[in-house]
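Each chain, written out:
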Amino acid sequence: MPDLTWIKNGRIVDPVNGRDEVGDIYVNEGRIVGSLSTGQRKGAHVIDAGGLLVCPGLVDIHVHFREPGQTHKETIQTGSHAAAAGGFTSVICMPNTTPAADDAGTIQYIQDAIQREAVVRVYPTGCITVGMNGERLAPIGSLKRAGVVAITDDGKCVQNNELMRRAVEYASMFSLPVMDHCEDSSLTRGAVMNEGVMSTRLGLQGWPAAAEDIIVSRNVILSTHTGAHIHLQHISSATSVDIIRRAKKRGVSITAEATPHHLALTEATIAEYDTNFKMNPPLRTEEDRQALIDGLRDGTLDCVATDHAPHTDYEKDKEFDFAPFGIVGLETALPISLQVLHRESGFSLLDSISLLTSKPADVMNLDAGSIGEGAKADIAIIDPDETWTVTPESLHSKSANSPWLGVALKGRVRKTLLEGKPVFADGRILTG
Amino acid sequence: MPWNRKDLITIENLSVEEIEQIFKVTAALKRTMGRSVKKLPALRGKTIVNLFLEPSTRTRIAFEVAATRLSADVISLDMAASSTTKGETLRDTAQNIEALKADMIVIRHTAPGSPLYLSRLLRIPVVNAGDGSHEHPTQALLDCFTLVEHLGSLKGRRITILGDILFSRVARSNIWAMTKLGAEVTVAGPSTLVPHWFTSMGVKVSHNLRTALADADAVMLLRIQHERQTSTHFPSLGEYTSMFGLNRTRAGWLKPDAIIMHPGPINRGVEIDSDLADSGQSVILEQVTNGIAVRMAVLYLCAGGSPEAMLKSAPAS
């Protein structure tokens, strides 16, 4: 008996094919097909998607799954559950684990865990430098052979320009994108939030946007000189958006992402020192936030990525200065993006969904982000109108360090299908 | 007017009426300090814990004296003795202190926001004795109490705060207190230590000492406190003194009867010439005395003491 699925009467939102219409999606043996015969329809598993959106499974090119070494925060299993619950079917995890994923052995360990535990597609990245110490190149060729889809020292930024230049030159030989966390650390020592009106008021050490802008400029220059693809992670500053816009006009091979939290929130939310608003880079001003939205609108910024960064409650429950940076994002990314981009900023549904599907897939050359005929049937079925309140219990991540705790969000994933098989349905992870 | 606060965390969220209420009680308590028996029974049987997670001598002693004068039992924990060095979180430390049945915590901490954090965690009152570069409310209260003693109402008075504003909790609390009381405040010093963001708090920012001091009714000097700044924020203490140190000539730019204030500890010859610190214009030691009375008032009010009862027990003559 072949494995057949018939998703009926959904609003199909497939950005790659420019499709936004009510219709049916058919799956045969894990792939999207144009139709099923009458006989096949009888034997198909039917999903009634009336009133729901049927989208490509979402793609997040920036998550932290903490395995190996920090599994009290998250594991590849729990992280993949959070992904599935958020509608994501492909995610790229960062290498700042313990130990850092800077050699083929660690990548193999991660690949094994993915094979064993993950309910969605999880792609590893490797480090740019050994131990992410910014001193010596990691074995980038071996990392590539072990299956990494990019290299990055995310969480840290390679400060040495010669080393970064050689890293991007060397990685380009393997067509490996280099993802960079843009932060000049000489400008951020001891800093915990955006430098400006709020840091002045709160007496917290300020983190100037210049720390990001300088490295974004550096990377634009290195990409110009080497032709290598550099992907700029979690852009947060208006000046950086401007630098990227001008570089792209000149055809420089850079791409960039923005996070849902930088699109939705500003430094003003830190008024009461809530550490669930402490992240790196920090939340910035309304002007920066608007620049990010404009950057996504005109393609200066290529996609949305969550920087899903789980930390336990006891790690976050500290003085603002002492709490770790980062928040979880996989399970709130969709409703936040729909709210900020579609409902508040006039992005079409197709454009909004493209920023979470086909566009990030393009940036990282992943086979994902489409539900056209022949594509893998990775599908998110979404109720765009359901309102739900974020609580620790509502999240599938091992951690609940979300800035939206207690907040009602609109838009919820009903089902997530991987190659046609439901891995998440109506609030539950389905395994086996 | 009643006092409804359990905690004193910031000046920013105090009303003018609350500040004036504290001043009335402070004035009453100050009168009791002239008596031969200074001790009052107001907090007898209460235990106050001074949780000092950042080294401090003068503020801690001022709180100890204030609590002792009110007959409270005082336990002072300083950083070296505390369990935080053993990896205990602030939450656990504070909950342990509460479990010991302490009645109030006075906290000094390097981390901004930590007194607010504690106050939400604990049922007992929390008094902020300085949180990083954020606020130092009792210092601002004693400074403004001293200013009012000398200048009367602060409405329309020109007050200049000079020095390291960026890293100063004293500056921030005083900005809120002085502007709430109607003063026109200028913050002055090197551009690296007085960023323009401060204008958002309702003050003028100046890097020109002459304009900053011209016709001021009072100048408050702040110590250059962070050794690390000397490598990046300005070239040297010597250059600081030559550009921004207060000397006789520069003091002459102030109003003739202007007062000179300093929260201490002073660095003679750096931010202030030695003889100016000892001059008739200086009210530095009065600030110290008022610091006891203000802290007595704050402890008394946060412990639930009635303002009226205190005003009755020490009426103005």
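Note that this is a predicted model, so its numbers are computed, not measured.

Rules behind the numbers
- Residues numbered from 1 in each chain as written.
- Chains lettered and ligands numbered in written order.
- Predicted model: local features only at pLDDT ≥ 70, side-chain atom pairs only at ≥ 80, totals over all residues.
- Helix = DSSP H or I, 4+ residues; strand = E, 2+ residues; numbered from the N terminus.
- Rg over C-alpha atoms; globule rule 2.2 N^0.38 Å.
- Buried ≥ 20, exposed ≤ 12 C-beta atoms within 10 Å, placed from the backbone.
- Contact = placed C-beta atoms within 7 Å.
- Nonpolar A, V, L, I, M, F, W, Y, C, P; charged D, E, K, R; others polar.
- Core = buried A, V, L, I, M, F, W, Y, C linked by C-beta atoms within 7 Å.
- pLDDT = per-residue confidence, 0-100.
- Axes fitted to C-alpha atoms, helices over the stretch in contact; angles between N-to-C directions.
- Parallel < 35°, antiparallel > 145°, perpendicular 65-115°, else oblique.
- Left-handed = near helix turned anticlockwise from the far one by under 90°.
- Pairing = 2+ DSSP bridges.
- Domains from an automatic or database assignment.

> Report on the overall build of chain A, specifying residues and quantitative values.
If you tally the helices and strands in chain A, you get 14 helices and 19 strands. Rg of the C-alpha trace for chain A: 21 Å, near the compact-globule value of 22 Å for 432 residues, within the 12% margin. Across its three principal axes, chain A shows a C-alpha extent of roughly 65 × 45 × 45 Å. Taken over 432 residues, chain A has a buried fraction of 59%. Intrachain contacts of chain A at a sequence separation of at least 6 include 76% that bridge at least 24 residues.

> I'd like a rundown of the interface of chain A and chain B, residues and numbers included.
At the interface, 15 residues of chain A touch 20 residues of chain B. Within the side of chain A that touches chain B, the residues separate by chemical class into six nonpolar, three polar and six charged.

> Go over the nonpolar core with me, naming the residues and quoting the values.
Counting 231 residues, the largest nonpolar core has V54(A), I105(B), V219(B), L299(B) and Y300(B) as its most contacted members. For this core, the element with the highest residue contribution is helix 12 (residues 284-302) of chain B, accounting for 10 residues.

> Which residues make up the environment of V170(B), and what values do they have?
Residue and element names in this part refer to chain B. Relative to the helices and strands, V170 is located in helix 6 (residues 169-180). A sequence separation of 131 residues divides V170 from L301, and the C-alpha atoms of the two residues are 22 Å apart. Contacts of V170, omitting those with residues within four sequence positions, involve H136, Q139, A140, L222 and P263.

> Run through the confidence of the model for chain B, naming residues and quoting values.
In this model, chain B carries a mean pLDDT of 93, and residues with pLDDT of at least 70 account for 95%. Across the interfaces of the predicted complex, the ipTM metric reaches 0.94, alongside a pTM of 0.96.

> Would you mind going over the packing of helix 3 (residues 90-99) of chain B against helix 4 (residues 114-121) of chain B in detail, with residue names and values included?
Residue and element names in this part refer to chain B. Helix 4 packs onto helix 3 with a crossing angle of 50° between their chain directions and a minimal axis gap of 10 Å. Viewed along their axes, helix 3 and helix 4 adopt a mutual orientation that is oblique. Relative to helix 4, the crossing made by helix 3 is right-handed. In contact with L90, R91 and A94 of helix 3, helix 4 contributes S114, Y117, L118 and L121. A class-by-class count of the residues in the contact of helix 3 with helix 4 yields five nonpolar, one polar and one charged.

> If you had to explain the sheet that holds strand 7 (residues 204-206) of chain B to someone new, which residues and values would you point to?
All names here are of chain B. If you walk across this open sheet you meet the five strands as 7-6-5-8-9, and the pairing is parallel. With partners counted over all chains shown, the strands left at the sheet margins are strand 7 and strand 9 (259-261), one partner each. Pairwise comparison of adjacent strand axes, ignoring direction, gives a mean angle of 20° for this sheet. Inspection of the sheet shows strand 8 (residues 218-221) paired to strand 9 by three bridges, in the parallel sense. Following the sheet pairing, V219 is matched in strand 9 by I260. The strands touched by helix 6 are strand 5 (158-162), strand 6 (184-188) and strand 8; relative to strand 6, the strand with the most contacts, the crossing angle is about 160°.

> So what about helix 12 (residues 333-344) of chain A? Which residues, and what values?
Among all positions in helix 12 of chain A, only A333(A), L334(A), P335(A), I336(A), S337(A), L338(A), V340(A) and L341(A) are buried. Residue G346(A) follows helix 12 of chain A closely and has a positive phi angle near 75°.

> Which residues make up the domain arrangement of chain B, and what values do they have?
Where interface size is given, it is often the accessible area lost as the parts come together that is meant. All names here are of chain B. Assigned domains of chain B: these are domain 1 (16-135 + 291-313) and domain 2 (137-287). Facing the 18 residues of domain 1 at the interface are 17 residues of domain 2. Counting residues per element, the side of domain 1 that touches domain 2 draws most heavily on helix 1 (residues 16-32), which supplies five residues. Of the residues belonging to the side of domain 1 that touches domain 2, the class tally is seven nonpolar, seven polar and four charged.

> Give a detailed account of helix 2 (residues 76-85) of chain A, specifying residues and quantitative values.
All names here are of chain A. Among the 10 residues that make up helix 2, 10 are buried, leaving the element largely enclosed by the rest of the structure. Buried within helix 2 are the following residues: I76, Q77, T78, G79, S80, H81, A82, A83, A84 and A85. Two residues or fewer past helix 2, G87 is found with a positive phi of approximately 90°.

> Any details on the packing of helix 5 (residues 137-151) of chain B against helix 12 of chain B? Residues and values, ideally.
All names here are of chain B. Put simply, helix 5 and helix 12 touch, their axes get as near as 8 Å, and they point 120° apart. When the axes of helix 5 and helix 12 are compared, the pair comes out oblique. Note on packing geometry: the crossing formed by helix 5 with helix 12 is right-handed. Mapping the contact onto sequence places T138, L141, L142, D143, F145 and T146 in helix 5 and E286, Q287, N290, G291, V294, R295 and V298 in helix 12. Among the residues forming the contact of helix 5 with helix 12, the class breakdown is five nonpolar, five polar and three charged.

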